[in-house]
Each structure stands twice: as structure tokens, then as C-alpha cells.
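Per-entry structural report
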Amino acid sequence: MSPPCHTSALLLVLVALAVAGAEQSEERSCDVVGDESSESQMERALLKKLEPLSHMRFNVTVEKGKTENYIYHFRVCREVSSTSHDFGGLVQTDRQNGKTTVIGRINETQVFNGSDWIMLIYKGGDSYGRHCSGEKRRAVIMISCKRGVTASSFSIISEEREKEQECFYLFEMDSSVACPAENSHLSAGSILLITFVSLIAVYIIGGFLYQRLVVGAKGMEQIPHFAFWQDLGNLVADGCDFVCRSKPRNAPAAYRGVGDDQLGEESEERDDHLLPM
């Protein structure tokens, strides 16, 4: 083989290996049960909602006497072991002999929800031996709402294998992704009030800085539109004085204060009795 042909063949092999490696490194995600054309939009939306948990791994150990000692490995819409390529989303490992059993696979997924929970179901697990008529295992994971927590408290609740059919493993965990969206509790009046107060604050602070830095005002003159607010205060005071008084404005006062003798001339009748007769 000539050198150019040898180089071309080598490049093709390298490209093929790179493509194969990229396909293997890309993790597979949940596939809803049924044809792609008939998949529920609600299920797709819920799987999208669970995406923040896909990079996390969860484990729980269960020990019942000397006969049952297992570790359960769980991932949300990802394979527990990407090298096995068995679609195992929830896998049981026997700690005594190291045997692994796929409880549920992500390529047979069902998902639905309520007001504050999401139920994720992996079907198509390894077949039972002596239980449940030899049907395939199934994992049911109840994800309950807990705000402020990405994911926690993964645990197994029970294994129902005494029935003839529809046996399952039940797990539960807490996560904020199962929580409903929080609605704003602010009323329209509250929003308007906040907006009004914000505008007043901008007006006062901005006007103060303009008067001080640009105009060069000092003291009370730094208040924006000080003359206007001063006149407005006087007008309001005059209005209150006019409206709220209960007697005519020209009526004499009913009492004389200590300093009243300094405010005007005394009445002519006050000293009449001191004049000589």
C-alpha cells in the first residue's frame, strides 16, 4: 500500500474510533413507554423538570439478617453503569456475592405527578425467579416536595413481591423539583405602593444630589423644589386654618395671654376709671 493510501486509512480508523467514543461517552436518558409519536407531552415536561437531578447518584443500604444485604443504586433518567449499557436506572447489588440485579430500566419509563409530588417508574427490570410469576421487576420512586433541597433522603420503603402480578419496589426521596411554582403574594395595591415609594425615593435622592453637586445649594436649599414645597405647606396650613376654625376670623379672642399687651394698643376703656372726675 502506498504511503498516501496508508495515511488515509489511518485517518479513517481514527475518525471512526472518535465517533464511537463520543457515542459511548454520551449518556442515555429516559425513554417514555410507547412510540415516540404517541408520547405524552405532560410526561416529557416532567422529565425536563427532573433534569437537575440527572447528574446525581443515590445509594441506600438494606440489611435484613444474614440472608439479605443489598445496596440499591439509583440515578434519575441516567444509567447507573454507563459501561454496562443495560439501561439500568435502579440496580441492586448483593453485598455478599457481588451479584447485580437491574430493578428498573430507563428505556421503559413512566412518570406522572400531583400537586407536590412526582412519581417516576422504571419498568423492564430483570425477571423474578420464584416470585411474582417470574415477571420483570419494576421500581417506583416517589419524589416529594421539599423546598430548599435539591435532593435528599433517598430510601427504600418496601418490596411488594408476594403477589402474582404487578410486583414492585417502592422508594422515596425529597426534592425541590417536585414543588409547585410559588405565586407572588403581592396584590395590585402593594405593587403600586412599592412603585410610588420607589419613585419618591428617586426624586428625593436625585434632587438632593443635583442641588448639592450641580447647583451648589447649602442647608435647606438642597431639598429639591424647596420653594414650591414651602409655599405648599403654607397654603395647606392656611386652608386648614380657614376650614377648621369654629368662629369668624375677625372675632376677638376669648382670653388674653401673658404677652398680649405687647401685640397692640390697649383698649381705651381699660383705664377710664383712673381718670380724675
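The structure presented is a predicted model; accordingly, all values stated were derived computationally and were not measured.

Observations regarding unusual backbone geometry
We note that Ser153 has phi near 60 degrees; this positive angle belongs to a residue other than glycine. Looking at the secondary structure, you find Ser153 in strand E7 (residues 152–160). On the accessibility criterion, Ser153 (47% relative accessible area) is partly exposed. Here the phi dihedral of Glu166 falls at roughly 55 degrees; this positive angle occurs in a residue that is not glycine. Tracing the sequence through the fold places Glu166 in the loop between E7 and strand E8 (168–175). Residue classification places Glu166 among the partly exposed residues on the basis of a relative accessible area of 46%.

Re the nonpolar core
Leu50, Tyr72, Phe74, Leu90, Leu120, Tyr122 and Ile141 are the most contacted members of the largest nonpolar core, which totals 34 residues. Taken together, the elements giving at least two residues each to this core come down to helix H2 (41–49), strand E1 (57–64), strand E2 (68–75), strand E4 (100–113), strand E5 (117–124), strand E6 (139–145) and E8. With sequence-adjacent residues up to four places away left out, Leu50 is seen in contact with Val76, Val111, Ile118, Leu120, Ile143 and Val177.

Concerning the sheet that holds E2
As summarised here, the arrangement of the eight strands in space is E1-E2-E3-E4-E5-E6-E8-E7, forming an open sheet in which the pairing is mixed. Every interior strand has two partners, whereas the edge strands, E1 and E7, have only one. Ignoring strand direction, the axes of neighbouring strands in this sheet form an average angle of 25 degrees. Note: E1 against E2, eight bridges, orientation antiparallel. From the neighbouring strand, Arg57 faces E2, where its bridge partner is Arg75.

A word on the state of the cysteines
Counted according to the given criterion, the structure contains three disulfides. Paired by a disulfide, Cys30 and Cys77 hold their sulfur atoms 2.1 Å apart. An S-S torsion of about -100 degrees defines the bridge between Cys30 and Cys77 as left-handed. Separated by 47 residues along the polypeptide, Cys30 in the loop between helix H1 (3–25) and H2 and Cys77 in the loop between E2 and strand E3 (88–94) bring together distant segments of the chain. The burial state of Cys30 is the same as that of Cys77; both residues are buried. With a sulfur-sulfur separation of 1.8 Å, Cys132 is cross-linked through a disulfide to Cys167.

With respect to the pattern of salt bridges
Counted according to the given criterion, the structure contains eight salt bridges. Of the charged contacts in the structure, one is a salt bridge between Arg28 and Glu79, with a shortest N-O distance of 2.9 Å. Within this pair, whereas Arg28 is found in the loop between H1 and H2, its partner Glu79 is found in the loop between E2 and E3, the two being separated by 51 residues in sequence. Classification of Arg28 as partly exposed rests on a relative accessible area of 29%. Measuring nitrogen to oxygen at the nearest pair gives 3.5 Å for the salt bridge that ties Arg78 to Glu51. Here Arg78, found in the loop between E2 and E3, pairs with Glu51, found in the loop between H2 and E1; they are 27 residues apart in sequence, far enough to count as distant. Overall, Glu51 belongs to the partly exposed group, its relative accessible area being 31%. Taken together, the shared-partner salt bridges connect Glu27, Glu51, Arg75 and Arg78 into one network.

Notes on the layout of surface pockets
Here the largest pocket is characterised by a volume of approximately 370 Å³. Lining the largest pocket are 17 residues, with Tyr70, Gln92, Lys99, Arg137 and Arg161 sitting closest to its centre. Sorting the residues of the lining of the largest pocket by element identifies E2 and E3 as the ones contributing at least two each. Here the lining of the largest pocket is composed, by residue class, of three nonpolar, six polar and eight charged.

Definitions and cut-offs
Residues numbered from 1 in each chain as written. Predicted model: local features only at pLDDT ≥ 70, side-chain atom pairs only at ≥ 80, totals over all residues. Heavy atoms only, no water. Helix = DSSP H or I, 4+ residues; strand = E, 2+ residues; numbered from the N terminus. Buried < 20%, exposed > 50% of the residue type's maximum accessible area, 1.4 Å probe, protein only. Core = buried A, V, L, I, M, F, W, Y, C linked by side-chain atoms within 4.5 Å. Contact = heavy atoms within 4.5 Å. Pairing = 2+ DSSP bridges. Axes fitted to C-alpha atoms, helices over the stretch in contact; angles between N-to-C directions. Disulfide = S-S within 2.5 Å. Salt bridge = Lys/Arg side-chain N within 4 Å of Asp/Glu carboxyl O. 1 Å grid on protein atoms, 1.4 Å probe; cavity = no way out; pocket = protein on both sides within 12 Å on 5 of 7 lines; lining within 4 Å. Points joined across faces, edges and corners; volume = space filled by probe spheres on them. Nonpolar A, V, L, I, M, F, W, Y, C, P; charged D, E, K, R; others polar.

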